[in-house]
Structure formats: C-alpha cells, structure tokens
Amino acid sequence: MLWLEGEVALVTGGGSGIGRAVVDRYVAEGARVCVTDLNAERLAEVAAAHGDAVTTLVADVRSLADNKAAVAHAVQTFGRLDVFVANAGLSDMFRDLANIPEENVEAAYDAVYDVNVKGVILGAKAALPALVESNGTLVVTLSNSSFWPDGGGIMYISSKHAALGVVRQLAHEWAPAVRVNAVAPGATRTNITLPEALGTDADGRPLRAHAHESNTDREVERVVPLAKHADPADHAAAFVLAGSRANGAIMTGSVIETDGGLGIRGMRRVRGGDDLRERVLGGGAAAAGSSLAAPTGGIDG
Ligand SMILES: NC(=O)c1ccc[n+]([C@@H]2O[C@H](COP(=O)([O-])OP(=O)(O)OC[C@H]3O[C@@H](n4cnc5c(N)ncnc54)[C@H](O)[C@@H]3O)[C@@H](O)[C@H]2O)c1
C-alpha cells in the first residue's frame, strides 16, 4: 500500500534539492504532483523524469497571484489539492549582522524574509480553500535553524524561527479541518543560494551556500552526531509521513527533525559513540555493557 496513493500535492521550489527529492518520493508513493519553481530549466527536468504524474508551473512564492495560479493549476490538472508543501527557500551563508554592509541590510532582510516567511504565508493563503475542501494538509520545510543559532546568519536563522511560528499558528487556526506540520532538515547538499544583496560570484550569479566539495562534507560530519552531510533524499520520508492522510492523521503543529541529531550534541563530545562498535563488539575489557565505564575520548569542559 503506497502512502500517498490518489493524493494530489503541490511542491514549491520543487525543481532542486530537498523539494525535488520530495517530488520524486511523492510520485513513488502514488501522488500526482504540481511542481513550481522560478527556474524553468529545472522544472523541465522534473517533467521529463515523471511524465503524467507531474505538472509544472513557473511561479514565484513571493507573489499571492502566483501562488493562487499554482493552486488553480494543480486543481485544474489533477482535480483537487491534498498536500501543499511550502518548501522554496533562500540561504544567507552564515552572514552575521556585523558583516552585512549598512547599504545592504534592508535588501538582505527583504530578500530572505520574502521567500522564507512571506512565501510560506502567501502559499498557505492561496492553498487554504482547496485544502479545506479536501481535508488536506500543509507541510513546511523548516530547518535546524528554526531552533538553534549559528546554522546560518542573522537573516536565515531569524526567518526560519519565524516560519516555525507560522507553522504553529496555522496548525492552531486550521485544526481540525487541515493539518499543518513541518520537516526541519539539517545541513544538506543542495543548490541553495543567497540573495544578491548578500553578494554574487565573479560572474554576477547567486552564491551557493552548500558547495558539494568534500571539505564542506568533512566540516558537517565533524559537528553532526550522525556524522553525515545529508542528501536531499534523506529527508523525503519525513515529508511522506507529514503528508500522509492515514499515517499522519494525529499530527498537527509537529516538526520532524531530520538533522542528524543536532539536539543531542554533547558538551564534551559531539557524539558519544565513535568507538561504540569496538566497545560493544570488540571483545576487549573496554567495559561493554558496564554502566560504570569511564567515558572515553573528548575534551574536559
Ligand atoms: N540545504 C540545506 O542545508 C537546508 C537545510 C535545512 C533546510 N533547508 C530548506 O530547504 C528548503 C529547500 O532548499 P534547498 O536547500 O533544497 O535549496 P535549492 O536551492 O536546491 O532548492 C530550492 C528551490 O527553490 C527555488 N526558489 C527560490 N526562490 C524561489 C521563489 N521566490 N519562488 C519559487 N521558487 C523559488 C529555487 O529556484 C530552487 O530550485 C528551503 O526552505 C531551505 O531553507 C535547506
């Protein structure tokens, strides 16, 4: 039994990264998906990959008219809308307030908040009638940055905290007719970019925050308890659960954290189990099973 059989979803920013992985997995779970993005080339790739199971539309989440057109397109094409995934987002690549020039600070704020906060609210506004009609659900892509500092800079962290507020308030406002939940990924290898107000590359193109270079992988692996720089597909099952009428039925206002365990980082060590296999299975007198064993490794603190 597929988890989204017969459901119709709309995924914003579905041309790339986490949104694309959600589209791929939703289709595999039996959904038909309307995919929106600003980038027409990426949408063409999604359409080529999925044929009749998807329909695509260039739409800007910062515009209510575009969001309404996207919802209308989904309903026109597939007859209904069950799941709206508000996913499109912009990064700020750890730019702290002291390092944003005065002349850019207002534009940087507007650019990040327009997508990460206003985009979610406008998408929700546009989708509400169709979701009420279907007893559907809203799923928002949050971040570890919705809970903790320093996974981004001032604009990204504060915007993702605000988006958590949107999730909680709408979950309240829309219960019991429409469930509202979120997935909060941690660092993930995607194409996420910065607004121009925070700089461009030598050719004037948007900067990318999560380069695929191995040193970024190593940096992330060092600070994440599960020691993994995630791939977009690692988060997809959480979106399936949140979007599933049957299996997510008792969840609203919930956030599924798919961040490699940032909430259980230790003070002495990022993680306590680097040598767990050796201690449990390795045979030595390394105190397997002993709750009185002295902690190993790490720094005093
Ligand atoms: N990459 C990470 O490490 C990470 C971690 C946690 C959360 N997230 C969140 O995941 C979500 C998706 O980001 P991603 O990392 O997959 O990035 P991505 O850039 O790979 O994908 C985002 C897509 O959104 C589109 N987009 C941007 N602005 C848009 C707009 N105004 N209207 C419509 N589409 C627009 C882009 O063209 C792009 O195709 C974001 O909400 C982001 O904050 C990312």
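The preceding data block contains the structure.
Residues numbered from 1 in each chain as written. Predicted model: local features only at pLDDT ≥ 70, side-chain atom pairs only at ≥ 80, totals over all residues. Heavy atoms only, no water.

A word on the layout of surface pockets
The probe, sized like a water molecule, is rolled over the atoms to show the empty space still left.
No. 1: Approximately 160 Å³ is the volume attributed to the second largest pocket.
No. 2: When the residues that make up the lining of the second largest pocket are grouped by side-chain class, the tally is four nonpolar, five polar and four charged. (1 Å grid on protein atoms, 1.4 Å probe; cavity = no way out; pocket = protein on both sides within 12 Å on 5 of 7 lines; lining within 4 Å. Points joined across faces, edges and corners; volume = space filled by probe spheres on them. Nonpolar A, V, L, I, M, F, W, Y, C, P; charged D, E, K, R; others polar.)

Section: the sheet that holds strand 1 (residues 8–12)
No. 1: One open sheet holds the seven strands; their spatial order is 3-2-1-4-5-6-7, and the pairing between them is parallel. Single-partner strands in this sheet number two, and they are strand 3 (54–58) and strand 7 (255–258). Mean inter-strand twist for the sheet, computed between neighbouring axes without regard to direction, equals 15°.
No. 2: Note that strand 2 (residues 32–37) and strand 3 share five bridges and pair parallel. Among the inter-strand pairings, Val33 is bridged to a residue of strand 3, identified as Val54.
No. 3: Of the strands in this sheet, strand 1, strand 2, strand 3 and strand 4 (83–86) touch helix 3 (residues 64–78), which is tilted by about 155° from strand 3.
No. 4: Those strands touched by helix 4 (residues 102–134) are strand 4 and strand 5 (137–141), and its axis lies near 180° from that of strand 4. (Pairing = 2+ DSSP bridges. Helix = DSSP H or I, 4+ residues; strand = E, 2+ residues; numbered from the N terminus. Axes fitted to C-alpha atoms, helices over the stretch in contact; angles between N-to-C directions. Contact = heavy atoms within 4.5 Å.)

A short note on the side chain of Ser146
No. 1: Relative to the assigned elements, Ser146 resides in the loop between strand 5 and helix 5 (154–174).
No. 2: Here Lys160 takes part through its backbone oxygen, which lies 2.9 Å from a polar atom of the side chain of Ser146.
No. 3: Setting aside anything within four residues of it in sequence, one finds Ser146 in contact with Lys160, His161 and Leu164. (Polar contact = N/O pair within 3.5 Å; in protein donor to acceptor, adjacent residues only side chain to side chain.)

Quick look at the pairing of strand 7
No. 1: Burial of the side chains of strand 7 is restricted to one face: Ile256 and Thr258 are buried, whereas none of Val255 and Glu257 on the reverse face is.
No. 2: Pairing geometry for strand 6 (residues 179–185) and strand 7, over four bridges, is parallel. Bridge pairing in strand 7 links Val183 to Ile256. (Buried < 20%, exposed > 50% of the residue type's maximum accessible area, 1.4 Å probe, protein only.)

Let's talk about the site of the ligand
No. 1: Near the ligand you find 28 residues, and of these Ser16, Asp37, Asn87, Tyr156 and Thr190 are the closest.
No. 2: A distance of 2.6 Å separates an oxygen atom of the ligand from a polar atom in the side chain of Thr190.
No. 3: Bound to the protein, the ligand loses 95% of the 830 Å² it would expose on its own.
No. 4: When its residues are assigned to classes, the shell around the ligand shows 11 nonpolar, 12 polar and five charged. (Near = heavy atom within 4 Å. Areas by Shrake-Rupley, 256 points an atom, 1.4 Å probe, with all protein chains shown as cover.)

Quick word on the environment of Glu29
No. 1: Tracing the backbone shows Glu29 in the loop between helix 1 (17–28) and strand 2.
No. 2: Spatially, the C-alpha atom of Glu29 lies 46 Å from that of Ala98, the residues being 69 residues apart in sequence.
No. 3: Other than its neighbours up to four places away in sequence, Glu29 contacts Leu2, Trp3, Leu4, Glu5 and Val240.

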